Amino acid sequence: MKKVIVANWKMNPLSQKQAKDLFNFTKKVAKNLKNVQVVICPPFLYLPLLSKLAKNSKIKLGAQNCFWEEKGAFTGEISPAMLKDLKVKYVILGHSERRKLGETDEMINKKLKTALQFKLTPILCIGEKEKEKKEGKTFEVLETQCTLALNGIFQPNLMLAYEPVWAIGTQNPCPPEIAKKVLEFLKKKFPHPPILYGGSVNVKNAISYFNVGFDGLLVGGASLSFEFGEILKMVDKIKK
Ligand code: PGA
């Protein structure tokens with residue numbers, strides 16, 4: 001399987017012009033990649049534009065969220081059917097920045113089910129908070145998040161992203177040796193889905209997560225600059 005590198009642009013950049021430039025930059029780099037699948041998850045508003053630019057490119061598109069109903073009176077929500085219509089293939093669900101705003105495991109479970117029905121590939125984010133880590137509850141938290149999110153879902157076609165909350169956007173990445181222990185725990189419980197690491201990934205540490213066995217990366221801050229291209233090129237050269 002190709003290594004997967006997902007760019008989570010979050011609420012960036014601030015104009016279509018910048019989104020187009022950033023996408024085209026990544027598209028140029030992606031053209032020469034052999035071993036990496038690049039997925040870009042921009043804000044919803046840029047999806048129509050980027051969907052056109054992604055045609056005949058090696059980049060796949062993802063969304064940063066979606067709703068659990070197909071259509072109807074749900075002001076401000078986005079349907080997985082709308083994403084499908086724009087040729088979006090992936091959807092990030094359960095990101096800690098959304099959980100912080102009130103998204104619960106039950107809501108994530110409903111979103112996962114609907115996304116799967118529409119044949120989107122969910123990227124399910126899980127991760128412990130700093131306090132939970134200090135209390136030695138990491139595995140417990142991850143198991144609970146997965147069990148609740150996957151309730152009633154069998155053999156799902158999805159990816160898991162281990163994103164320790166304390167490592168996101170902090171310049172304090174999870175040391176690969178520690179992430180490796182989490183990966184081993186998750187692989188035992190969930191042997192099938194590819195497992196990505198996310199949280200302050202940069203050009204200096206990107207390779208180390210593949211060295212300990214992760215299948216891919218979820219990159220936030222570093223996906224917004226030329227650094228992303230460097231990460232892609234480096235990872236593409238990994239042998240194995
Ligand atoms: P970061 O974000 O790379 O900026 O830490 C990762 C994420 O939130 O997915």
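Let me begin by describing the structure that accompanies this report. Quick caveat, the model's predicted, so the values are computed rather than measured. (Residues numbered from 1 in each chain as written. Predicted model: local features only at pLDDT ≥ 70, side-chain atom pairs only at ≥ 80, totals over all residues. Heavy atoms only, no water.)

**Comments concerning the site of the ligand**
Selection criterion: Here a residue counts as near a molecule or strand whenever at least one of its heavy atoms sits within 4 Å of it. N or O atoms closer than or at 3.5 Å make up a polar contact, with two conditions inside protein: a donor-capable atom paired with an acceptor-capable one, and, for residues adjacent in sequence, both atoms drawn from side chains.
Taken together, 13 residues form the shell around the ligand, and within it Lys10, His95, Glu163, Gly169 and Ser200 come nearest. Note that an oxygen atom of the ligand is positioned 2.7 Å from one of the side-chain N or O atoms of lysine 10. At 2.6 Å from an oxygen atom of the ligand is found a main-chain nitrogen or oxygen belonging to glycine 169.

**Some details on a positive patch on the surface**
Rules: Surface patches are drawn from residues lacking salt bridges whose relative accessible area is over 30%; two like charges belong together within 9 Å, two nonpolar side chains (Val, Leu, Ile, Met, Phe, Trp, Tyr) within 5 Å. We get accessible surface area from the Shrake-Rupley algorithm with a probe of 1.4 Å; when it comes to residues, only the shown protein chains can shield them. Any carboxyl oxygen of Asp or Glu within 4 Å of a side-chain nitrogen of Lys or Arg constitutes a salt bridge here. We treat Lys and Arg as the positive residues and Asp and Glu as the negative residues; His and chain ends play no part in the count. For charged residues, the charge sits on one atom: NZ in Lys, CZ in Arg, CG in Asp, CD in Glu. A run of H or I in DSSP becomes a helix once it reaches four residues, and a run of E becomes a strand once it reaches two; helices and strands are each numbered from the N terminus.
Together, Lys2, Lys34, Lys52, Lys55, Lys58, Lys60, Lys84, Lys87, Lys89 and Lys119 make up a positively charged patch on the protein surface. By the secondary structure assignment, lysine 2 is in the segment before β1 (3-8).

**Re the packing of aromatic side chains**
Rules: Ring geometry is summarised as follows: Phe, Tyr and Trp rings, the Trp one being its six-membered ring, pair when their centres sit within 6.5 Å, and such pairs are stacked at plane angles under 30 degrees, edge-to-face over 60 and tilted between the two. Only protein chains enter the accessibility calculation, which uses a 1.4 Å probe; a residue is then buried when its area is under 20% of its type maximum, exposed when over 50%, and partly exposed in between.
By the definition in use, this model includes seven aromatic pairs. Between phenylalanine 139 and phenylalanine 185, the ring centres sit 4.3 Å apart and the planes meet at 5 degrees, which makes this aromatic pair stacked. Residue phenylalanine 139 is found in helix α7 (residues 138-149), and its partner phenylalanine 185 is found in helix α8 (residues 176-189); the two are separated by 46 residues along the sequence. Residue phenylalanine 139 is classed as partly exposed on the basis of its relative accessible area of 36%.

**Considering α7**
Note the cut-off: Take the number of residues in a helix, subtract one, and multiply by 1.5 Å to get its expected span. Within this analysis, the arc is defined by the directions that extend from the helix axis to the C-beta atoms.
The first and last C-alpha atoms of α7 sit 17 Å apart over 12 residues, in line with the 16 Å expected at 1.5 Å per residue. Taken together, the buried positions of α7 are occupied by Thr138, Val141, Leu142, Gln145, Cys146 and Ala149. Down the axis of α7, the buried set is contained in an arc of 125 degrees. They therefore lie on one face.

**Here's the deal with the packing of α7 against α8**
The test is simple: For helices, the fitted line uses only the C-alpha atoms of the stretch in contact; every axis is such a line through C-alpha atoms, and the angle between N-to-C directions lies from 0 to 180 degrees. Throughout, a crossing is termed right-handed when the near helix is turned clockwise from the far one, and left-handed when it is turned anticlockwise from it by less than a right angle. Should any heavy atoms of two residues lie within 4.5 Å, those residues are considered in contact. Three residue categories are used. Nonpolar comprises Ala, Val, Leu, Ile, Met, Phe, Trp, Tyr, Cys and Pro, charged comprises Asp, Glu, Lys and Arg, and polar comprises the others, including Gly.
Interhelical geometry of α7 versus α8 gives an angle of 40 degrees and a closest axis separation of 11 Å. The crossing of α7 and α8 is right-handed. Facing Thr138, Phe139, Leu142 and Glu143 of α7, the residues of α8 in contact are Lys181, Val182, Phe185, Leu186 and Lys189. The residue makeup of the contact of α7 with α8, split by class, is five nonpolar, one polar and three charged.

**A word on the pattern of salt bridges**
Throughout the structure, instances matching the rule amount to 12 salt bridges. The salt bridge partner of lysine 10 is glutamate 97, with a shortest N-O separation of 2.8 Å. One end of the pair, lysine 10, is in the loop between β1 and α1 (16-31); the other, glutamate 97, is in helix α4 (residues 96-99), and 87 residues separate them in sequence. Measuring nitrogen to oxygen at the nearest pair gives 3.9 Å for the salt bridge that ties glutamate 184 to lysine 180. Taken together, the positions of glutamate 184 and lysine 180, both in helix α8 and four residues apart, correspond to about one turn of that helix. On the accessibility criterion, lysine 180 (35% relative accessible area) is partly exposed. A single salt-bridge network, built from bridges that share partners, covers Arg98, Glu103 and Lys111.

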